[in-house]
Amino acid sequence: MLHMSPFFLLPMSAEKSPPPAWLIYGIWLFILVLSALVAWQLFAGLTYLAALWLENPAWRPLDWNRFTISGLTRLLVLVIGVLWLGFLTFSEHYLRVSPDRGTFGRRTRRLVGTLAAVILLSYLIFWLF
């Protein structure tokens, strides 16, 4: 609703119109691609840590050997894949309801910031070790 100012009949404020649906889903597709990159990088970083862990005989559990990395990578693919699909479902709903609440920009920044933090963490794993 448009409110009129008593001075010179200028509009005082107007409600913001929500972003169009194509923009919301376009940003969601960008987040989908970015989250796939984050999931891949997280998988690579955790596989690297597992390989380092198995190479050291002092840290390696009994009856495990260097071939155990195959089972660990399969488990990582399963766990990270389930987390990725859950994140996509959450982010789609999170962005779909945000225009009604007027929080689309803030929620988009929050999702992209979270993905950026996770990818920086996974790059930090490679840098530290």
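For the structure, check the block above.
Worth saying up front: this structure is predicted, and the values here are computed from it rather than measured.

Thresholds, definitions, all that
Residues numbered from 1 in each chain as written. Predicted model: local features only at pLDDT ≥ 70, side-chain atom pairs only at ≥ 80, totals over all residues. Heavy atoms only, no water. Helix = DSSP H or I, 4+ residues; strand = E, 2+ residues; numbered from the N terminus. Buried < 20%, exposed > 50% of the residue type's maximum accessible area, 1.4 Å probe, protein only. Core = buried A, V, L, I, M, F, W, Y, C linked by side-chain atoms within 4.5 Å. Contact = heavy atoms within 4.5 Å. Axes fitted to C-alpha atoms, helices over the stretch in contact; angles between N-to-C directions. Parallel < 35°, antiparallel > 145°, perpendicular 65-115°, else oblique. Left-handed = near helix turned anticlockwise from the far one by under 90°. Nonpolar A, V, L, I, M, F, W, Y, C, P; charged D, E, K, R; others polar. Patch = residues over 30% accessible without salt bridge, like charges linked within 9 Å, V, L, I, M, F, W, Y side chains within 5 Å. Areas by Shrake-Rupley, 256 points an atom, 1.4 Å probe, with all protein chains shown as cover. Salt bridge = Lys/Arg side-chain N within 4 Å of Asp/Glu carboxyl O.

A.B. asks: What is the right way to read the environment of Leu52 from this model?
C.D. replies: Relative to the helices and strands, Leu52 is located in helix α1 (residues 21–55). Judged by relative accessible area, which is 32%, Leu52 ranks as partly exposed. Placed 14 residues apart in sequence, Leu52 and Arg66 show a C-alpha to C-alpha distance of 9.9 Å.

A.B. asks: Can you walk me through the nonpolar core in this structure?
C.D. replies: A general tendency of soluble globular proteins is for nonpolar side chains to be buried together. Core analysis: the largest hydrophobic core is formed by 13 residues, its most contacted members being Ile27, Ile31, Phe87, Leu95, Phe104, Leu111 and Leu115. Put simply, the parts of the chain that give this core at least two residues each are α1, α2 (69–96) and α4 (104–128). In terms of residues, this core owes the most to one element, α1, which gives five residues. With near-sequence residues (within four places) excluded, Ile31 lies in contact with Phe87, Ser91, Leu95, Leu111, Val112 and Leu115.

A.B. asks: What am I meant to see in the packing of α1 against α4 here?
C.D. replies: What describes two packed helices is the angle between their axes and the distance between those same axes. At their nearest, the axes of α1 and α4 sit 8 Å apart, and the two run at 20° to each other. Classified by the interaxial angle, the pair formed by α1 and α4 is roughly parallel. The handedness of the crossing between α1 and α4 is left-handed. Considering only residue class, the contact of α1 with α4 consists of 20 nonpolar, five polar and no charged.

A.B. asks: Could you clarify how one ought to interpret a nonpolar patch on the surface in this entry?
C.D. replies: Taken together, the side chains of Leu52, Leu121, Leu124, Trp127, Leu128 and Phe129 define a hydrophobic patch exposed on the protein surface, amounting to about 670 Å² of accessible area. Of all the elements, α4 adds the most residues to the nonpolar patch, at four residues. By secondary structure assignment, the location of Trp127 is in helix α4.

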